[in-house]
Every structure is written in structure tokens, then in C-alpha cells.
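The lines below spell out each chain.
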Amino acid sequence: MLDPAEIDLSTEICGVSLPNPTVLASGVLGLSGEVLARIARAGAGAVITKSCSLKPRIGHPNPVVVDYGAGLINAVGLANPGVEAIVEEIRLARELTRSLGVPIIASIFANSVYDFGTTARYISEAEPDLIEANISCPNVEEEFGQIFSSTPYVAAQVTRRVKASTSIPVIVKLSPNVPNIGEVAKAVVTAGADAISAINTLGPGMLVDVETGTPIISNKVGGLSGPAVRPIAVRCVYDICRAVKVPVIGLGGVMDGRDAAEMITVGASAVGVGTGVYRRGIEVFALIVAELRDVMARLGLASVADLRGRGLPQATER
Amino acid sequence: MRAALGQIPRMSRILSINEESRTVRTFIFDAALEAEPGQFLMVWLPGAGEKPISIMDPDPLTLTVARVGPFSSALHERKVGDLVGWRGPFGRPFSLRGRNVLLIAGGYGAAPLHFLAKRTRERGCGTCMAIGARTAEGLILVDRFHGLGCSTILATDRGDMGFQGYVTEAVEERLQQYDAVYACGPELMLHAVAQMCWREGVPAQVSIERYMKCGFGICGQCAMDDKLVCRDGPVFDIEELRDSHDFGHFTRNATGRRVSL
């Protein structure tokens with residue numbers, strides 16, 4: 001058996017090096033520069049900010065997150081202080097993490113293809129290592145209509161606009177709520193996406209208080225995350241990695257090192273963690289890293305590159 | 001794995017309502033829970049939202065709430081027998097130390113400190129309760145603190161009851177008599193308490209308020225420096241706040257933007 005400590009967990013997304021494959025998922029804790037820095041110090045391989053828009057948003061009223069047992073349901077409604085404030089938070093995070101080598105990824109969203117471009121241009125002023133275009137939040141459908149990632153054509157339009165507005169590599173975050181996620185992946189990569197992250201939350205779903213007959217989430221419906229969605233996330237990452245060759249951040253229900261290894265096995269270069277932070281605390285990144293080392297040592301795999309894609313069909317053909 | 005904190009709200013009926021003042025009401029519910037002083041619940045009114053509220057007493061569940069906005073107004077309209085949802089308890093509580101303690105409340109901060117005073121009195125600690133408010137009407141729960149066997153110091157801005165001036169000024173000279181100070185109230189008052197206790201070398205803990213969305217450490221909305229007030233707090237030892245950039249100066253609004261207090 002390999003010595004777990006000797007395993008090389010470093011990985012790369014579009015030329016940006018991560019000390020390990022764990023990534024703080026967007027929307028979880030990533031509002032303040034100091035908290036982003038704390039998560040980087042706690043062992044995350046990269047951190048993604050809360051998604052920001054051109055203008056500040058209050059989001060939906062409480063309750064916005066509920067633990068339904070098998071995971072979380074949430075409809076925060078993309079609350080954020082606006083791109084201008086997030087630029088400052090990213091600069092602060094950068095200053096506090098300079099010595100760590102943990103990349104900072106800026107997540108953006110907008111309510112029109114045009115605004116996606118403007119937001120991408122503004123956020124680039126903060127010089128994040130990567131930009132994630134969140135085209136897949138399911139909680140604002142009433143406001144924005146159909147989500148951008150629901151058809152390959154619209155997803156590609158947004159991608160082209162964002163790419164034309166920044167020189168920073170762009171990750172496009174996809175929704176699992178489509179009939180063929182591989183087709184959406186192909187469309188955004190053809191439109192210039194440098195990387196893909198998947199999945200955003202599943203659903204939407206609903207919880208109702210039986211005593212009063214009231215939906216518990218104020219938005220009535222919310223996206224599902226956590227262990228219950230993991231098999232769908234794994235299938236989506238598998239489909240994406242068969243369809244395109246760009247790096248993929250796989251996320252959805254990853255709780256431990258085995259789950260992280262599973263995502264990498266189906267082709268992910270890095271692994272997002274969201275609900276895992278709720279379940280295991282900020283220590284989850286260091287815990288997953290240690291557990292992933294043990295899994296890889298047992299399998300005799302010395303690097304993330306050796307683990308990646310072992311579960312894809314072409315792995316045997318290569 | 002940690003306990004599942006953010007589960008579906010429990011619904012409990014209001015058993016009784018007590019008017020503490022024109023704007024403050026105490027609600028007693030047909031529920032009991034295990035909680036420590038300083039912890040809070042996320043209280044849900046179906047259709048009217050959900051807010052963090054400090055626990056006044058866990059058994060039976062008791063909440064003292066001032067009417068300050070749409071949510072607390074909606075709660076004040078609830079009648080005996082109505083259903084109210086709650087999740088929790090959340091957050092880090094006060095940790096008790098010393099035999100002779102001073103509790104300092106600004107206005108409605110008296111409610112969580114009543115829970116703390118109950119515990120310190122049960123342990124036989126000498127407990128002095130100092131309450132400050134703008135006017136005499138804002139001095140709530142005073143009789144209840146006397147009932148627990150606490151001494152009290154009252155302060156009002158106009159001097160219509162007790163000391164005229166800030167509650168911190170009213171207690172400053174006698175601070176050295178106490179082994180520990182516990183405070184809850186507006187952040188500028190808490191900051192004044194911390195400065196006084198840093199200067200005098202008296203240990204102190206303060207309960208800090210922030211706009212909260214989830215309440216259990218996932219959304220990041222309540223960030224103060226690199227801390228999450230909902231989970232790392234709401235109670236902080238003032239030693240943890242010595243180098244704080246935000247404490248006493250900045251808070252975050254409903255969008256998450258850092259703004260001056």
C-alpha cells in the first residue's frame with residue numbers, strides 16, 4: 001500500500017493549480033473575504049464566492065434552507081451585495097490568502113445574456129483566478145423565466161457573451177434538470193467554456209408543514225442538495241466527461257473522501273463541497289482530503305491524474 | 001457527523017401571553033427543549049417569515065419579543081392557541097464562570113440575560129443585573145430579575161428612572177467587584193462594555209446580533225470578520241474580539257453588504 005502522505009493531490013483547472021481537489025461550492029459561506037480566507041486556511045483546494053449580480057439583491061424571505069433528512073432544500077434567491085461589493089471581498093480574500101496558493105473563483109449570474117457580459121467584465125477587476133457563470137440557479141424561475149442552462153442554445157449564448165467580456169478562464173455551471181446534460185455541455189464548450197461545474201441543485205422540490213398546510217420554504221420550492229442527489233450528480237459528471245474534454249468540477253452530495261474519489265473516477269478534476277460543510281463543519285475539506293488519501297493509497301494510485309476518469313468507458317480503450 | 005440542526009420546524013401552540021410593556025410581549029409555548037443561555041431559535045410564522053429569537057426560558061419554551069418590524073408585529077398579533085414554528089437551539093451559549101457576576105442589558109437584551117440570571121442564581125452566584133434603555137418604559141423584566149434574587153442597576157438616557165446616562169457609565173466604577181461580565185444589547189453598547197472590560201481586565205462575554213438567513217452556518221450572511229455569528233457565536237468572549245475589524249464598527253445588511261453600524 002502507498003503511503004497516504006506521499007500521494008500527490010494537486011490538480012489543475014484551465015492552468016490554475018489547486019493544492020487538492022476540494023472546492024468550496026458557490027452559495028455556501030462565500031460572502032465575506034475573511035470567511036473565504038478562513039475556508040482556504042481550513043484546507044479547501046479552491047474557494048468559490050457566492051454568486052453575484054450587477055445590483056445587490058435581498059433574495060427570498062426566510063426560511064431559505066431546511067434540512068429534510070437526506071439533504072438540504074434551499075431557495076436563498078441569489079441574495080448578494082452586488083458585484084461591486086464582491087470585488088472588494090475577493091480583493092480582501094486574496095490579500096489574506098496570498099501565501100496559501102488557494103485559487104479564488106468568482107461566481108456570477110445575471111438576468112439577461114447582456115448583463116452576464118457586464119457582470120463578467122466588472123468581476124474581472126478583482127482578478128479572480130477563474131470565473132464561474134451560474135446559469136443554473138433553479139430558485140428564481142418566476143423572476144427570470146426558464147433557467148439559462150435549460151436549453152443548449154441559450155446556455156451557449158450566455159457562455160459566448162461571458163467569454164467575450166473577460167480574459168479570465170470561464171467555468172459554466174450546469175443544471176441537472178435537463179433531459180441531456182451532455183448536449184448542454186457540448187454546446188457551452190463549443191461556445192468557448194473553458195471548464196464546467198455540475199451539478200447545481202436538483203428539482204425544485206417542496207416541503208409542506210402538515211399542521212398549517214404551508215410550504216416551509218418561503219419561495220414554496222427550492223433546490224435539493226446533499227447525499228440524496230449524489231447518484232444523479234455522479235451520472236451527470238459521467239455524461240459530461242464523455243461528451244467534452246474540458247476540466248470538470250463535480251459536485252452534488254459529496255460528503256467524504258470516498259464520494260470525492262467517485263466524482264474524480266467519473267472524470268472530475270476537482271470536487272465541490274456544499275452540504276458537506278453543513279454536515280461536517282468547515283473542517284470538512286481537511287477531512288475529505290485525508291480520507292481521499294486513504295482511498296487512493298488503498299487503490300495504489302499516486303496522483304489525482306491516475307484516479308481521474310477510471311470509471312469512464314474510454315479508460316479501458318486508452 | 002454533526003447533529004442535523006436545520007430540520008423541519010416544530011409547531012407549538014401559544015399557552016399564554018404576558019405584556020411586559022406597550023411594545024414587549026412574553027409568549028409561553030406548549031413545548032420544552034434543552035438549551036443554554038445565549039442560544040437562539042429560528043422562529044417561523046407560516047406566511048410571515050422566520051427570524052432568530054433568543055431563548056428566554058427553555059422549559060416551558062418562553063420567548064420575550066419586542067415589536068420592532070413586520071415579523072415581530074405579526075408575532076404580536078398571534079393569540080393564545082395559535083401555532084408557531086421553531087427550529088433550534090442554535091449557536092454558542094454563554095459559558096459561566098465566577099461567583100459574583102454582572103449582567104448588562106441594553107433594552108430587549110434583558111430577555112436572554114434573564115435565562116442566564118436564572119442559571120447563575122441556581123448556582124448561587126451573586127448576580128447584579130444592569131439594564132439601560134432610552135426611557136423607563138424600555139426597562140423590561142425588572143421585577144422578574146428581583147424575583148430571581150438579583151440586585152439591579154437601572155439607567156435611562158433621560159434619567160426618568162435610575163441613573164441618567166448610559167448603563168456602562170452606571171456600572172463602570174464598580175466593575176472590579178465582579179468576576180465576569182455578560183452583556184446583550186445594541187452593538188455600540190457591547191463595544192463600550194468590551195472597551196471598559198479590556199481596560200479594567202475583567203473577563204466578559206457579549207452576545208452579538210446580525211441579520212441572519214439560514215441561522216446554522218451555511219449561507220454566510222451573518223459574517224463578522226472571519227466568524228459566523230450564527231454558529232461561532234452569537235456569544236463571543238471579548239478576547240476573541242480584540243483584533244476585530246467589524247465589531248463595534250460594521251455590520252452587514254440584508255444583501256450581505258458590509259455597512260457602518
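Residues numbered from 1 in each chain as written. Chains lettered and ligands numbered in written order. Predicted model: local features only at pLDDT ≥ 70, side-chain atom pairs only at ≥ 80, totals over all residues.

Let's shift gears to the overall build of chain A. The secondary structure content of chain A amounts to 12 helices and 16 strands. With respect to the principal axes defined by its C-alpha atoms, chain A has extents near 55 × 50 × 40 Å. For chain A, the residues scored as buried account for 62% of the 318 residues in total. (Helix = DSSP H or I, 4+ residues; strand = E, 2+ residues; numbered from the N terminus. Buried ≥ 20, exposed ≤ 12 C-beta atoms within 10 Å, placed from the backbone.)

The next point concerns the interface of chain A and chain B. Contacts between the two partners involve 39 residues from chain A, matched on the other side by 30 residues from chain B. Where the side of chain A that touches chain B is concerned, the elements lending two or more residues are helix 1 (33–41), strand 5 (65–67) and helix 9 (275–280) of chain A. Of the residues contributing to the side of chain A that touches chain B, the split by class is 21 nonpolar, 9 polar and 9 charged. (Contact = placed C-beta atoms within 7 Å. Nonpolar A, V, L, I, M, F, W, Y, C, P; charged D, E, K, R; others polar.)

Further remarks concern the environment of Glu 19 of chain B. When you line up the elements, Glu 19 of chain B lands in strand 1 (residues 10–19). Glu 19 of chain B gets classed as exposed once you count the C-beta atoms within 10 Å, which come to 10.

Residues and elements named next belong to chain B. Read across the sheet, 7 strands follow the order 11-10-9-8-12-13-16 without closing on themselves; strand pairing throughout is mixed. Each of the sheet's edge strands pairs with one partner strand only, and the pair in question is strand 11 (163–164) and strand 16 (235–237). As paired elements, strand 10 (residues 151–156) and strand 11 share 2 bridges and run parallel to each other. Considered in strand 11, the bridge of Ala 155 is made with Phe 163. Seen against the sheet, helix 5 (residues 187–200) touches strand 8 (100–106), strand 12 (180–184) and strand 13 (204–207) and runs at an angle of roughly 170 degrees to strand 13. (Pairing = 2+ DSSP bridges. Axes fitted to C-alpha atoms, helices over the stretch in contact; angles between N-to-C directions.)

Residues and elements named next belong to chain A. Within the open sheet, the 4 strands sit side by side as 5-6-14-11. Their pairing is antiparallel. Every interior strand has two partners, whereas the edge strands, strand 5 and strand 11 (202–206), have only one. In this sheet, neighbouring strand axes are inclined to one another by 35 degrees on average, regardless of whether the strands run parallel or antiparallel. Alignment of strand 5 against strand 6 (residues 72–74), held across 3 bridges, turns out to be antiparallel. Bridge pairing in strand 6 places Asp 67 opposite Leu 72.

Attention now goes to the nonpolar core. When a protein is soluble and globular, its nonpolar side chains tend to lie buried together. In terms of nonpolar packing, the biggest core is built from 197 residues, with Val 47, Ile 123, Val 188, Ile 196 and Val 237 of chain A together with Leu 103 and Val 193 of chain B touching the most fellow members. Mapped onto the domain boundaries, this core takes at least three residues apiece from domain 1 (10–90) and domain 2 (100–260) of chain B. Beyond its immediate stretch of four places on either side in the chain, Ile 123 of chain A contacts Cys 52, Val 83, Ile 86, Val 87, Ala 106, Ile 108, Pro 128 and Ile 131 of chain A. (Core = buried A, V, L, I, M, F, W, Y, C linked by C-beta atoms within 7 Å. Domains from an automatic or database assignment.)

This brings us to the pairing of strand 2 (residues 24–29) of chain B. Residue and element names in this part refer to chain B. Looking at chain direction, strand 1 and strand 2 are connected through 5 bridges and run antiparallel. Paired with Ile 17 across the bridge in strand 2 is Phe 27. Linking strand 1 to strand 2, which pair antiparallel, is a turn of 4 residues. Of the strand pairs in this sheet, strand 2 and strand 6 (residues 61–66) are connected by 5 bridges, and their pairing is antiparallel. For Thr 26, the partnering residue across the bridge sits in strand 6 and is Thr 64.

Residues and elements named next belong to chain A. The geometry of helix 3 (residues 113–124) relative to helix 5 (residues 152–165) is characterised by a closest axis approach of 8 Å and an angle of 30 degrees between their N-to-C directions. When the axis of helix 3 is compared with that of helix 5, the two are roughly parallel. The two elements helix 3 and helix 5 meet at a crossing, and its hand is right-handed. Residues Val 113, Tyr 114, Phe 116, Gly 117, Ala 120 and Arg 121 of helix 3 touch helix 5, and the partners they reach there are Gln 157, Val 158, Arg 161, Val 162, Ala 164 and Ser 165. In terms of residue class, the contact of helix 3 with helix 5 is built from 7 nonpolar, 3 polar and 2 charged. (Parallel < 35°, antiparallel > 145°, perpendicular 65-115°, else oblique. Left-handed = near helix turned anticlockwise from the far one by under 90°.)

As a further point, take the domain arrangement of chain B. The extent of an interface is frequently quoted as the accessible surface area lost upon association of the parts. All names here are of chain B. Per the domain assignment, the segments making up chain B are domain 1 (10–90) and domain 2 (100–260). Placing a centre on the C-alpha atoms of domain 1 and another on those of domain 2 gives a separation of 20 Å. Of the residues lining the interface, 16 residues belong to domain 1; the matching set on domain 2 comes to 17 residues. Elements that contribute at least two residues to the side of domain 1 that touches domain 2 include exactly strand 3 (40–45), strand 4 (49–54) and strand 6. In terms of residue class, the side of domain 1 that touches domain 2 is made up of 9 nonpolar, 4 polar and 3 charged.

Turning our attention to the pairing of strand 16 (residues 270–273) of chain A. Residues and elements named next belong to chain A. Burial along strand 16 is two-sided: the face carrying Ala 270 and Gly 272 and the face carrying Val 271 and Val 273 are both buried. Where strand 3 (residues 22–24) lies against strand 16, 3 bridges are found, and the strand directions are parallel. Among the inter-strand pairings, Leu 24 is bridged to a residue of strand 16, identified as Val 273. As defined by bridge partners, strand 15 (residues 248–250) adjoins strand 16 across 2 bridges and the pair is classed as parallel.

All right, on to the confidence of the model for chain B then. Detailed reading of the predicted coordinates is not advisable wherever pLDDT falls low. In this model, chain B carries a mean pLDDT of 95, and residues with pLDDT of at least 70 account for 98%. The ipTM value of the predicted complex is 0.92, and its pTM value is 0.94. (pLDDT = per-residue confidence, 0-100.)

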